[in-house]
Amino acid sequence: MFAATLASSARTDSTAIRSRIMIDATGAYVPHTSRFFEGRNNEDRVIDGAAAFNLKYAFCFGQQSRQWRHYPGAYQGLGVGFNTFFAGSLMGNPVSVYVFQGAPLVHFSPRLSLGYEWNFGASFGWKKYDYYTDDQNIIGSHTNAYMNLALVLNYRLSPQWTVGVGLTGSHFSNGNTSQPNSGVNTLGLRMGVSYNIDTQPVARPSALPGDFKRGWSLDVMAYGAWRAKVAHFDGTPVVLKGKFAVAGINIAPMYEFHRLFRAGVSVDVKYDESAGIERFRTEWSSDDNPKFYRPSFHKNLIGGLSAKAEFVMPVFTIAAGVGYNFVGPDDDRSIYQTLTLKTYLTERLYLNVGYQLHEFKTPNNLMLGLGYRFAL
């Protein structure tokens, strides 16, 4: 993925890639979003602290490149992290593998700057819910998605060494692929150091005019996933057994207002095998083990219209959307939200990893797909 992007950049800019190694540690507070953290668990233990240790490889495009001129100071790369909640017997000690990106927001001096960084990936090694041995656990999967956002104050000690301190927040969730799916959040203080492998000094970046032109593009993205389902019978929630297939397509004309920002409207069509499933329950099934008829394909279709906005950077684009489903079962005719990360394999072809919610709180499904951005 990164190799394809770098090769493409090298062909167009013929500039060197600059590398750095980054290490950071975080001490964090765990908000009590569930009784599980308050002590309602198998060990009656209150869980309110966490720590994380990360090792990262980052690269920057050369200072004469188009990417540096358009996105001064941006860096991106791969990282691995160790996470502990000081309760390994209850939650495990997950290891995270992720991609990340950051950039300066404000330069206070040639040495001091304030920047942001996000991480997105997967975490492995969680201790999960088990009906027979750990039925208080709120973690439904051994593997969970990992998301992190940090605001960091950086000070450059020398051309090679930079230290940083900042605020950071993390979220772990399985994307509604299993139940329970309450999610785990942390808020903390991060301290870190980075070492530039290249020996040449890094000039203070400044944005220069480029070849950007405002205009329209058309994004077409197809995705698939699986999801867990909680059905409601006479107001009582029941976690259904098994997984349900989800597939969809998004067609979005987008206007490029700035090299960092584009926005538009998306037509979103989705097939959800579990949509309106309560309507198809068989007459003879029990509440503990409900059975369902398989409906016609069109009865599981959901269609909506959403407004989208995208933050555009080298390699990655972060997209967010808010929409309303006009087509589908009554329970699905509601407001929905999307948050996705696009990773460009070429200038126009990208991988899509995203998540959809409804009513700003309830998880719907993952969005794992492939897209293409057409020029108009």
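These numbers come from a predicted model, not from an experiment.

How each quantity is defined
- Residues numbered from 1 in each chain as written.
- Predicted model: local features only at pLDDT ≥ 70, side-chain atom pairs only at ≥ 80, totals over all residues.
- Heavy atoms only, no water.
- Helix = DSSP H or I, 4+ residues; strand = E, 2+ residues; numbered from the N terminus.
- Rg over C-alpha atoms; globule rule 2.2 N^0.38 Å.
- Contact = heavy atoms within 4.5 Å.
- Areas by Shrake-Rupley, 256 points an atom, 1.4 Å probe, with all protein chains shown as cover.
- Lys, Arg positive; Asp, Glu negative; His and termini not counted.
- Charge placed at Lys NZ, Arg CZ, Asp CG, Glu CD.
- Pairing = 2+ DSSP bridges.
- Axes fitted to C-alpha atoms, helices over the stretch in contact; angles between N-to-C directions.
- Buried < 20%, exposed > 50% of the residue type's maximum accessible area, 1.4 Å probe, protein only.
- Polar contact = N/O pair within 3.5 Å; in protein donor to acceptor, adjacent residues only side chain to side chain.
- pLDDT = per-residue confidence, 0-100.
- Salt bridge = Lys/Arg side-chain N within 4 Å of Asp/Glu carboxyl O.
- Core = buried A, V, L, I, M, F, W, Y, C linked by side-chain atoms within 4.5 Å.

Enquirer: It is not clear to me how the overall build of the protein chain should be interpreted in this structure. Could you clarify?
Expert: Helix and strand content of the protein chain: four helices and 18 strands. Whereas a compact globule of 376 residues would reach a radius of gyration of roughly 21 Å, the protein chain reaches 23 Å, a difference of no more than 12%. In terms of overall dimensions, the protein chain has a C-alpha envelope of 75 × 55 × 30 Å along the principal axes. Sequence-distant contacts in the protein chain: of pairs separated by 6 or more residues, those separated by 24 or more amount to 62%. Per element, the accessible surface of the protein chain, about 18200 Å² overall, is 62% carbon and sulfur. Charged side chains in the protein chain number 35 positive and 28 negative. The centres of these two groups are separated by 9 Å.

Enquirer: Explain the sheet that holds strand 1 (residues 17-29) to me, please; I cannot follow it from the model alone.
Expert: By way of backbone hydrogen bonds, the strands of a sheet pair with one another, either parallel or antiparallel. Overall, antiparallel pairing links the eight strands, which are arranged 1-2-3-4-5-6-7-8 in a closed barrel. Each strand of the sheet is rotated relative to its neighbour by a mean of 25°, with strand direction disregarded.

Enquirer: Teacher, can you tell me more about the environment of N289 here?
Expert: Position of N289 among the secondary structure elements: in the loop between strand 13 (261-272) and strand 14 (301-312). For N289, a relative accessible area of 31% gives the class partly exposed. Measuring from C-alpha to C-alpha, the distance between N289 and V239 comes to 9.7 Å, with 50 residues separating the pair along the chain.

Enquirer: Looking at this structure, I do not really get the sheet that holds strand 14. What am I missing?
Expert: The eight strands lie next to each other as 9-12-13-14-15-16-17-18, forming a closed barrel whose pairing is antiparallel. Here the strands of the sheet are splayed against their neighbours by 25° on average, with no regard to which way each runs. Pairing analysis gives nine bridges linking strand 15 (residues 316-327) to strand 16 (residues 335-344), with the strands arranged antiparallel. Bridge assignment links F316 to a residue of strand 16, and that residue is T343.

Enquirer: Hey, could you run me through the side chain of N137 in this one?
Expert: Mapped onto the secondary structure, N137 falls in the loop between strand 5 (112-126) and strand 6 (143-156). At 3.3 Å, the side chain of N137 forms a polar contact with the backbone oxygen of L90. A polar contact is formed between the side chain of N137 and the backbone nitrogen of I139, at a distance of 2.9 Å. In contact with N137, other than residues within four places in its own chain, are F36, L90, K127, K128, Y129 and P180.

Enquirer: Can you help me understand the confidence of the model for the protein chain in this one?
Expert: Any region with low pLDDT has predicted coordinates that should not be read closely. Mean pLDDT over the protein chain stands at 88; residues scoring 70 or higher make up 91%. For residues 1-14, every residue scores under 50 in pLDDT, and the model assigns this stretch 24 contacts once sequence neighbours within four places are set aside.

Enquirer: Quick question: what am I supposed to make of the pairing of strand 15 here?
Expert: Each regular strand shows side chains that alternate between the opposite faces of the sheet. Judged from the ten bridges that link them, strand 14 and strand 15 form a sheet pairing that is antiparallel. The partner of F311 across the bridge, within strand 15, is I318. Between strand 14 and strand 15, which pair antiparallel and follow one another directly, the connecting turn spans three residues, one of which, V315, has a positive phi of 70°.

Enquirer: I would appreciate a short explanation of the pattern of salt bridges in the present structure.
Expert: Close approach of charged atoms allows side chains with opposite charge to pair. In total, this model carries twelve salt bridges according to the counting rule given. D24 serves as the salt-bridge partner of R190, at 3.9 Å between the closest nitrogen and oxygen. Of the two residues, R190 sits in strand 8 (residues 184-196) while D24 sits in strand 1, which places them 166 residues apart along the sequence. With its nearest N and O atoms 3.3 Å apart, the salt bridge here joins E117 to R190. With E117 in strand 5 and R190 in strand 8, this residue pair connects regions lying 73 residues apart in the sequence. As far as burial versus exposure is concerned, E117 and R190 are alike and both buried. One network of salt bridges, with partners in common, ties together D24, K56, E117 and R190.

Enquirer: In this structure, what is going on with the nonpolar core? I would like to understand it.
Expert: The nonpolar side chains of a soluble globular protein tend to be buried with one another. F36, F37, I47, F85, M91, W126 and V184 are the most contacted members of the largest nonpolar core, which totals 22 residues. Contributing elements (two or more residues each) for this core: strand 1, helix 2 (35-38), strand 2 (49-61), helix 4 (88-91) and strand 4 (92-107). For this core, the leading source of residues is strand 2, giving three residues. Leave out the neighbours within four places in its chain, and M91 touches F36, F37, I47, F85, G125, W126, K127, I139 and V184. Formed by 13 residues, the second largest nonpolar core is a distinct cluster that contains F59, F61, A103 and W118.

Enquirer: Mind showing me how you'd approach unusual backbone geometry here?
Expert: Negative phi is the rule for most residues except glycine; trans is the rule for most peptide bonds. Residue P180 is bonded to the preceding Q179 through a cis peptide linkage, with omega at 0°. Positive phi, close to 70°, is recorded for V315, a residue that is not glycine. Inspection of the secondary structure puts V315 in the loop between strand 14 and strand 15. Given the relative accessible area of 8%, V315 is considered buried.

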